[in-house]
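So the chains spell out like this:
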Amino acid sequence: MIHMNMVTPLPDLAAITALQSTLVSALRPILPEHALLWEPEDTIPYECDGLAAYRKMPLAVALPETEEQVAQILKACFALEIPIVPRGSGTGLSGGAMPISQGLVLSLAKLKKIINIDPFTRTAVVQPGVRNLAISEAVAHLGLYYAPDPSSQIACSIGGNVNENSGGVHCLKYGLTLHNVLKVRGILMNGEIVEFGSLAPDSPGLDLLAIVMGSEGMLAVVTEVTVKLIAKPKLARVIMASFDDIEKGANAVAAIIAAGIIPAGLEMMDKATTRAVEEFVHAGYDLEAETILLCESDGTPEEVAEEIERMTKVLEEAGASGIQISQNEAERLQFWSGRKNAFPAAGRLAPDYYCMDGTIPRRNIATLLKRIQGMEKKYGLACLNVFHAGDGNMHPLILFNGADPDEWHRAEEFGTEILEACVELDGTITGEHGVGIEKINSMCVQFGEGERESFWGVKSAFDPEHLLNPDKAIPTLNRCAEYGRMRISGGKLPHPELERF
Amino acid sequence: MSSPQSSAQLDLFREQIINAAKYKTSLSIEGGGTKSWYGNANHFEKLHTSAYSGILEYQPEELVITACAGTPLKEIEAALDEKNQVLAFEPPHFGHNASFGGAIAAGLAGPGRISVGNLRDFVLGARILDGKGQDLSFGGKVMKNVAGYDVSRLLPGSMGTLSLLLEASVKVLPKPAATTTLRCQISQVRALKLLNEWAGQPLPLSASCWISNANDDGELTIRLAGAAAAVKAAIPLMGVAVNIIELDPKIAKEFWSNLREQNLTAFTNLETDKTLYRLSLPAACGPISIPNMSYDIVLEWHGQQRWIKAPGDEATFATMKEIASSNGGHASRFKQGADVDPAYQRFTQLSEQAHSQSLEIVQTRLRSAFDPAGVFATSRLP
């Protein structure tokens, strides 16, 4: 088992029951009856997030409806030294919201009011449970939208986005959550309300908003987010280009950037993916192509016309075997439909799939894809590759059957090898899904002891008692030591030559 | 970096840090020394980064440049220029010798900040020596990276009070295909209203500057940048609102560079008993007035960054902070005249801001996590 440290001795059942009743008695006065769950049949939907392979039952689940209730819950748990796992919509893919068996799950899902929309200053103030897409929907009539658009945007919450620093298919041009959030109001583990960032361009002191972004619910509980809204482009068009060779496709990506173009979206799918999705969505993909690129341009009609022309030229020079340009919005959405449905299409090919999230420099895309082809043989499992090619963020989907423990084990090993290849190719183990519980061992590969110790220093600065989502994202020294011992082969760590960057 | 020369330099840095920790003193980090007047004054021994210089990696198609802290900023900009790319946040140099590390530590951005984002938005990774002399690397060279806390983005604007920045990777952008600068005479109220309205429309608005003149009126200069077609299409749209003229490209380029470097008269005529205050404000903030302020105020970033010259005394700064904070922003003493007390606190402190008091202890703990002995505790940034 890779996640060997998760196998801890079972705590005494009586002790757990006692702790649960202490917690419930402490929270009862704070919350309405329907907002506190502790019976297993009520708490079971919270045993995992979008990473369903890892599950745990919490002591209880609290569903506060006001910021004041959140603060009181934190104070109560702080006094009882009971850890808290904050949870948004539960769509996270790295197990960041997996419960702690002797802890509370704090769901922010009921804090879902849009507090204020200001078209003049182009900002919206929203509660953490507001869905990502709901923000853009609420401001659409003003010609504005909220730019980051993770694939799960129908369901995922803005509070979750802040904690994962979520991206999306348009972040090459419009940035990540970090670049689109001005201010976060939150509560420290001791119950104190604080504000990170401001509506002004900067704030006094160190830039604490930057460190709270993507902190996976470990530094503060988010209760309010002020987002930046931007003008909706008048038009968007997409080019679909086929390549008969992976390398040519990867080079075309670099060529577009080198030509001084920042496309609104630049996505890549390999042959296995196009075949799988074509069967599912009938988008008219070129099934003979080794790889397909989707390059989107948005802006004013004049701007789009100019950019589409420039991109077409670059793609032709890069040796595209076929080029199609969307002629209307329906066609644009049709071209995108396959990319957006890659995950459900993978779900049709195999009982389970395991989605990876490494990022590598663009120049290494072809190298990594070829290595993954080798790994498919090594582990006897198929893999679909979809990429945010523009920013080198890749989502290999490893297909397996979870009912077969050996297949799951091989899928995990396959995934780990991909992540280690990403680190070796000058990249990172996670571009946008977060470390959570899933990639915690890979953190031992990406970072050295000194860096990991500094991360704990950051954690302790906000939460000295380590009560806020303490078992996620940052591995302990012991965990890494054990992981190292386990992965030693022939007395050497894999990739001893690696810079731990 | 692994050349023997650079590793010898790292050893020297480490030795200086370890010695400072041993003798319980602090080190004031200095690159090109062009911003030494910025931030709280201190008289600690200097740690000079200029010997640790050089571009380590630059591949234009990756949109990332990695360089040593001591690298001259102009060397970096020249390398980018050759490949038709730029540091889109337009860091001010404030002198010939400005360094890459100094620009990051100061965290300042130029006119483009309002459309492309702050300096910290562009930082992707950093290598540092912490207060124990440990060689640590955070972030990386890719745009999307959420492995571990984003420590590299804590460094911009930290003014050397957290650790010694050795190397950084920052995102770069292609130069816009077309740029044009427009100008008109307009009141402050009208300028603020128009700028915010334009910013809410899909227009290629890249920068703005409004400077008041003696007649309670002022001059608004705006820069459009983007696809040639988009820039061309936008000019008549903006002209509808005001009587606008297009500036000669050479004059325009000089204007934006002088604004960034604060070489315009409105900055250079600072009297010896006055201070140049910087106000960082929300977009909604209307015109503000301070007793005894000079008439020629400068508004950048659609009014979100304002430069006001006024008496340098504590009472005026208190008023400035009060006005900024009641509008949801903050004020700092950016530059002081020669006769103003150099010992004055230059910044708004966390304890003076609403909902920030408890962050003061977080900030103290953060600093001691990276620097337990206080080697970098110069208080240049409170």
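Parameters and conventions
- Residues numbered from 1 in each chain as written.
- Chains lettered and ligands numbered in written order.
- Predicted model: local features only at pLDDT ≥ 70, side-chain atom pairs only at ≥ 80, totals over all residues.
- pLDDT = per-residue confidence, 0-100.
- Core = buried A, V, L, I, M, F, W, Y, C linked by C-beta atoms within 7 Å.
- Buried ≥ 20, exposed ≤ 12 C-beta atoms within 10 Å, placed from the backbone.
- Helix = DSSP H or I, 4+ residues; strand = E, 2+ residues; numbered from the N terminus.
- Contact = placed C-beta atoms within 7 Å.
- Pairing = 2+ DSSP bridges.
- Axes fitted to C-alpha atoms, helices over the stretch in contact; angles between N-to-C directions.
- Nonpolar A, V, L, I, M, F, W, Y, C, P; charged D, E, K, R; others polar.

1. Observations concerning the confidence of the model for chain B
Low pLDDT means the predicted coordinates in that region are not meant to be read closely. When pLDDT is averaged along chain B, the result is 95; 99% of the residues meet or exceed 70. Prediction confidence for the complex, expressed as pTM and ipTM, is 0.95 and 0.96 respectively.

2. Some points on the nonpolar core
If you look at the biggest cluster of nonpolar residues, it comprises 252 residues, and the most contacted ones within it are Leu104, Val253 and Ile398 of chain A together with Leu165 of chain B. Here this core gets 8 residues from one element, more than from any other, and that element is helix α9 (residues 246-258) of chain A. Once you skip the residues sitting within four places of it in the chain, Ile398 of chain A turns out to touch Tyr353, Tyr354, Leu381, Cys383, Ala411, Phe414 and Gly415 of chain A.

3. Some remarks on the sheet that holds strand β15 (residues 298-300) of chain B
Residues and elements named next belong to chain B. Read from one edge to the other, the open sheet built from 8 strands follows the order β13-β10-β12-β11-β15-β16-β14-β17, with strand pairing classed as antiparallel. Sheet topology places β13 (245-246) and β17 (330-336) at the edges, where each strand pairs with a single neighbour. Sheet analysis places strand β14 (residues 274-280) next to strand β16 (residues 305-311), joined by 7 bridges and oriented antiparallel. Within the sheet, the bridge partner assigned to Lys274 lies in β16 and is Pro311. Strand contacts of helix α6 (residues 188-199): β11 (205-212) and β12 (218-226), with the helix running at about 175° to β11, the strand carrying the most contacts.

4. Brief notes about unusual backbone geometry
All names here are of chain A. Although it is not a glycine, His466 adopts a positive phi angle of roughly 55°. Considering the arrangement of structural elements, one finds His466 in the loop between α17 (449-462) and α18 (477-487). Here His466 falls in the partly exposed class, since 15 other C-beta atoms lie within 10 Å of it.

5. Re the confidence of the model for chain A
Residue and element names in this part refer to chain A. Model confidence for chain A is summarised by a mean pLDDT of 92, while 95% of its residues fall at 70 or above. Segment residues 1-8 is flagged for pLDDT under 50; beyond a separation of four residues in sequence, or across chains, it makes 7 contacts in the model. Throughout residues 489-501 the model reports pLDDT below 50, and contacts reaching past four residues in sequence, or to other chains, amount to 14 contacts.

6. As for the interface of chain B and chain A
In this assembly, 73 residues from chain B lie in contact with 81 residues from chain A. Those elements that provide at least two residues to the side of chain B that touches chain A are α5 (119-122), β7 (135-139), β9 (173-174), α6, α7 (228-239) and α11 (357-370) of chain B. Ranked by residue count, the leading element in the side of chain B that touches chain A is α11 of chain B, at 8 residues. Of the residues assigned to the side of chain B that touches chain A, the class counts are 34 nonpolar, 28 polar and 11 charged.

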